[in-house]
Amino acid sequence: MTSTPISDAHGSGSASTPVIVDWPTATIPGGENAASDHLLDGLNPQQAEAVEYRGQALLIVAGAGSGKTRVLTHRIARLIENREAWPSQILAITFTNKAAAEMRERVEGLLGGRAEGMWISTFHSACVRILRREADNFGFSKNFTIYDSSDSRVLLKRIIKQHDADVLGFTPANASAKISKLKNELADAESYARNANMSDPNEVAFIEIFRDYERALRSANAFDFDDLIAQTVYLFRAFPQVAALYQNKFRHVLVDEYQDTNHAQYSLIRELTREPEGAGYLPGTNPGAALTVVGDSDQSIYAFRGADIRNIVEFERDFPGAKVILLEQNYRSTQNILSAANAVIANNFDRKDKKLWTDVGDGEKIIGYTGYSGHDEAQFVADEIEKLHSAGLAYNEIAVFYRTNAQTRALEEIFVRSALPYKIMGGTKFYERAEIKDAFAYLTAVVNPADELAVRRIINTPKRGIGPATVTQLASFAENAETTLRDALREASTLGFGPKMTRAISDLSAVLDEAAALAEKGKVSEVLTTLITKSGLIDALRLSRDPQDEARAENLDELVAVTKEYERNNPDGTLIDFLTEVALVAAADDIDDASGTVSLMTLHTAKGLEFNTVFLTGIEEDLLPHRMSANEPGGPAEERRLFYVGITRARKRLYLSLAMTRAQYGETAVAMPSRYLQEIPAELIEWKQSPGSANSRGGTQPRALNARRWQSNRGADAAALPPAEKKQWPNRVTGTVRDNGDLELAPGDRIRHTDFGEGRVNNVTGEGSKRVAHVQFETAGAKKLLIKIAPIEKI
DNA sequence: TAAGTACTGGTTTTT
DNA sequence: CCAGTACTTA
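Keep in mind the model is a prediction, meaning the values are calculated, not measured.

**Section: the nonpolar core**
- Within the largest apolar cluster, 46 residues are counted, with the highest numbers of intra-cluster contacts made by Leu443, Leu512 and Leu531.
- Per element, the largest residue contribution to this core is nine residues, and it comes from helix 17 (residues 434-447).
- Not counting chain neighbours up to four residues away, the residues in contact with leucine 512 comprise Tyr442, Ala445, Val446, Ile458, Arg486, Leu489 and Leu531.

**Quick word on the environment of glutamate 364**
- Here glutamate 364 lies in the loop between helix 14 (335-345) and strand 9 (366-371).
- In this structure glutamate 364 comes out as partly exposed when scored by relative accessible area, which is 40%.
- Between the alpha carbons of glutamate 364 and leucine 603 there is a distance of 22 Å; along the sequence they are 239 residues apart.
- Setting aside residues no more than four positions away along its own chain, glutamate 364 makes contact with Asn336 and Arg653.

**A short note on the sheet that holds strand 9**
- Across the sheet, seven strands lie side by side as 11-12-10-13-14-9-17; this open sheet has parallel pairing. The outermost strands of the open sheet, each flanked by one partner alone, are strand 11 (422-424) and strand 17 (685-689). In this sheet, adjacent strand axes meet at a mean angle of 20° when their direction is disregarded.
- Pairing between strand 11 and strand 12 (residues 598-602): three bridges, direction parallel. In the sheet register, tyrosine 422 faces strand 12, and the bridge partner there is valine 598.

**Structural notes on the protein's contact with DNA strand C**
- Taken together, the residues surrounding DNA strand C are Lys157, Tyr665 and Gly666.
- Here a phosphate oxygen of DNA strand C and a side-chain polar atom of lysine 157 are 2.8 Å apart.

**As for the packing of helix 15 (residues 374-390) against helix 16 (residues 408-417)**
- One can describe the packing of helix 15 onto helix 16 by two numbers: an axis separation of 9 Å at closest approach and a directional angle of 50°. In terms of orientation, helix 15 lies oblique with respect to helix 16. Note on packing geometry: the crossing formed by helix 15 with helix 16 is right-handed. Residues Gly374, His375, Ala378, Gln379, Val381, Ala382 and Ile385 of helix 15 touch helix 16, and the partners they reach there are Ala410, Leu411, Glu413, Ile414 and Phe415.

**Points about the pairing of strand 12**
- Counting buried positions along strand 12 yields five of five residues, so the element is predominantly enclosed.
- Residues Val598, Leu600 and Thr602 line one face of strand 12 and the alternating positions Ser599 and Met601 line the opposite face, and both faces are buried.

**Overview of the pattern of salt bridges**
- Counted by the stated rule, this structure contains 50 salt bridges.
- Salt-bridge contacts for glutamate 377 lead to arginine 662; the nearest nitrogen and oxygen are separated by 2.7 Å. Highlighted residues: glutamate 377 in helix 15 and arginine 662 in strand 15 (residues 661-664), separated in sequence by 285 residues. Note on accessibility: glutamate 377 and arginine 662 belong to one class, buried.
- In this structure, the salt-bridge partner of glutamate 639 is arginine 403, at a minimum N-O distance of 2.7 Å. Note that glutamate 639 is positioned in helix 28 (residues 635-647) and arginine 403 in the loop between strand 10 (398-402) and helix 16, a separation of 236 residues in sequence.
- Judged by relative accessible area, glutamate 639 falls into the buried class, the value being 5%.

**Digging into the packing of aromatic side chains**
- The tally for this structure, following the rule as stated, stands at 23 aromatic pairs.
- When the centroid spacing of 5.2 Å and the interplanar angle of 70° are considered together, the rings of tryptophan 119 and phenylalanine 250 count as edge-to-face. Separated by 131 residues along the polypeptide, tryptophan 119 in strand 3 (residues 119-122) and phenylalanine 250 in the loop between helix 10 (240-249) and strand 6 (252-255) bring together distant segments of the chain.
- For tryptophan 119, a relative accessible area of 2% corresponds to the buried category.
- Relative to phenylalanine 315, the ring of tyrosine 258 has its centre 5.8 Å away and its plane inclined at 85°; by these criteria the two rings are edge-to-face. Of this pair, tyrosine 258 sits in the loop between strand 6 and helix 11 (263-272) while phenylalanine 315 sits in helix 13 (residues 315-318), and the two are 57 residues apart along the sequence.
- For phenylalanine 315, a relative accessible area of 0% gives the class buried.
- Linked through ring pairs, Phe138, Phe140, Phe144, Phe223 and Tyr234 together constitute an aromatic cluster.
- Looking at lysine 178, its charged tip hangs above the ring of phenylalanine 206, at a distance of 4.3 Å from the centre.
- The residue whose ring lies beneath arginine 270 is phenylalanine 319, and the NZ or CZ to ring-centre distance is 4.3 Å.

What counts and what doesn't
Each chain carries its own residue numbering, running from 1 in the written order of its sequence. Just so you know, chain letters begin at A and ligand numbers begin at 1, following the order they were written in. Selection of residues for local features in this predicted model requires a pLDDT of at least 70, selection of side-chain atom pairs for listing and counting requires 80 or more, and totals for whole chains, interfaces and linings are taken over all residues. Side-chain measures were taken over the full set of non-hydrogen atoms in the model, leaving aside hydrogen atoms and water. Side-chain atoms within 4.5 Å link the members of a nonpolar core, which is a set of buried Ala, Val, Leu, Ile, Met, Phe, Trp, Tyr and Cys residues. For every residue, the accessible area (1.4 Å probe, protein chains only) is compared with the maximum for its type, and the residue is labelled buried under 20%, exposed over 50%, or partly exposed between those bounds. Only DSSP runs of H or I reaching four residues or more are called helices, and only runs of E reaching two or more are called strands; each is numbered from the N terminus. The contact rule is simple, with two residues in contact once any of their heavy atoms fall within 4.5 Å. Whether two strands pair depends on DSSP finding at least two bridges between them. For every element, the axis is a line fit to its C-alpha atoms; helices are fit only across the contacting stretch, and the angle between N-to-C directions ranges from 0 to 180 degrees. When at least one non-hydrogen atom of a residue lies within 4 Å of a molecule or strand, that residue is treated as near it. Here a polar contact is recorded for every N or O atom pair within 3.5 Å, except that within protein the pair must consist of a potential hydrogen donor and a potential acceptor, and residues adjacent in sequence are included only if both atoms are side-chain atoms. Should an angle fall under 35 degrees it is called roughly parallel, over 145 degrees roughly antiparallel, and 65 to 115 degrees roughly perpendicular, with every other angle called oblique. By definition, turning the near helix anticlockwise from the far helix through less than a right angle yields a left-handed crossing, and turning it clockwise yields a right-handed one. Salt-bridge detection follows one rule: a side-chain nitrogen of Lys or Arg within 4 Å of a carboxyl oxygen of Asp or Glu. Classification of ring pairs rests on two measures: the distance between centres of Phe, Tyr or Trp rings, Trp counted by its six-membered ring, which must be within 6.5 Å, and the angle between planes, read as stacked under 30 degrees, edge-to-face over 60 and tilted in between. Put simply, a charge is over a ring when the Lys NZ or the Arg CZ is close to the ring centre, within 6 Å, and near the line of the ring normal, within 35 degrees.

Following this line, the structure appears as structure tokens:
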């Protein structure tokens, strides 16, 4: 280590030059103290090396469950403990905010809390932090808005309409996807136009749309998700002295899930770890921050978002002299689960061979089940979970994964009926509800008056008689006067509107002004409460006769509660901070480990998590691989990796399930077993009901074409198959939901269930609408049913 | 301008 | 099956 002058322009309290103590030999693995070294105890040799290696570039190839988080946290702790770096000189990038929080906690645990000032966050959060600080340098102001994908689409919709580009086949969705792709490659409208074929009217129209979109974002003082990264790179490249601030601040940059970085993120990393240049820098004094990346190309599942697997595959070429360490020992799963995972992923041809292994033994067999329908499959999952739970397994140790969010419907329906506590991670989130977005648009309009999109959203919400015609007049006034739409509202009285209209506009403007004054002195919840009451938003919902509006008003109350909670956790948090946090929360971020619920999530959301027991559902063609990706180059391979990620989340027990028919858009279609299922050696799976032996209702469906592939399984199935009465499909479940009102049941009563037949009530638990009947059915076994909605009658 | 009705079409994964 | 949209009517 040289005594590099290290400036920490932004650091809090660590601006002085750190004391860099040469203190290495005592803690090197194999040294005298190794046996009692708390940062190396229990690590295998490769893990220990990954903690101790020092050099400019280190790639840790970490197979699933190989303890990479442990390695990363211990490495950071060691850097700080050794005084090789101050906490403020460390930048660690994770994939989700949840992973960031967990990493911070673990590092603090290892260091006894001396971790203040570390930057541990997602790419997006880190970039927002940089951009807010430096916004004044390049034409934005620090109160900028972050547009999520639906905001982008609303904006694009207007732009496409203005250009009459819808007739050319442009939709907000496809234009947004194309722009996003380009931004991830660091292209902008200008650079794209240079290489475009201008004789193609489609191309010309797209460039117009792209340009207008960029212009609109800039004038709204807003960034979309992709901008957060791309604009930070642009900032660093355009202003080397700004880049140098961060190049000098961070001495160690660590990136998790490196296989899922895209080109823009890669470029950002390159900029951050580069040797500074420009005035004031003494050449040769800072070789650039040391870079540590951790990843596994077998878990690359975000190509659709621009992730470029080459970033990790070509790491050694990118960073000459880079050290590579392989972690293959798995500490999570049983050998049966790993063997299945290894067998599946081995079918991806262009990969470096890598085999996970464990010394914990084979464990239980994987359990397979083929349902007659998605509902039947869901019923199986619910029944198994109930069995596991009564055998002592906590609900929060169990997870159910699926490929598409649409699959939650069947699962949810059955889970509600079976009174299973569950939580859907991601999916239609609270923050995506219209009334919540309305409230956020009010907050945004207060924080960032330049944001026209937000002002347009609230201008007639709730209804105050300001229609499209009036909005257009206001907007064109703003344009002519070279001011914002927000300021146009203030001038309403001079614009010649009728008295009613003028009044409505001025009242809104006054509410926004009042809230802005309030925002100066803090309290997010007070600003929000002022806005939603004085704008009439919440009263409009409360007084509405649409029964759903009552729930919407409650959601707004819930949002106020969220802001109060935020204030408790962040006493210094401003309104801007609150909006930023909400804009960047991911689906996986609100998993609550302590709660006693089963977790339901997509395979993508599952990445990085682990559970004792995992159910992988819908393992069918057209779902996994998904229809949309089956024909794309690289599609089936990426879908296989998704399957691999799902399998490797399980510690002890893995279930694979599928259905023979699946409902989509109200119609039911025949489903075929996924091609990936055959890639798992037959002896690893015990089929409760195999795809080969189960026939769809007629028995001679197109599935017969497929049957050959399953013949090898037949012998085993015959033995495992239950006797003949099972043919009556006692698990078949109808999709109708009913309401039994106040049906009274008591132990000893006999009931008839439309699917399960007759049974006897053993017990009734719970209160009111949550009363649950514990029933012993004659053919279908023991079930728990939510009395209010189960398709049952007393007999 | 707002509310109500009839109709279309789209369907993956997410920071 | 749903949400979003175009069209009608008061």
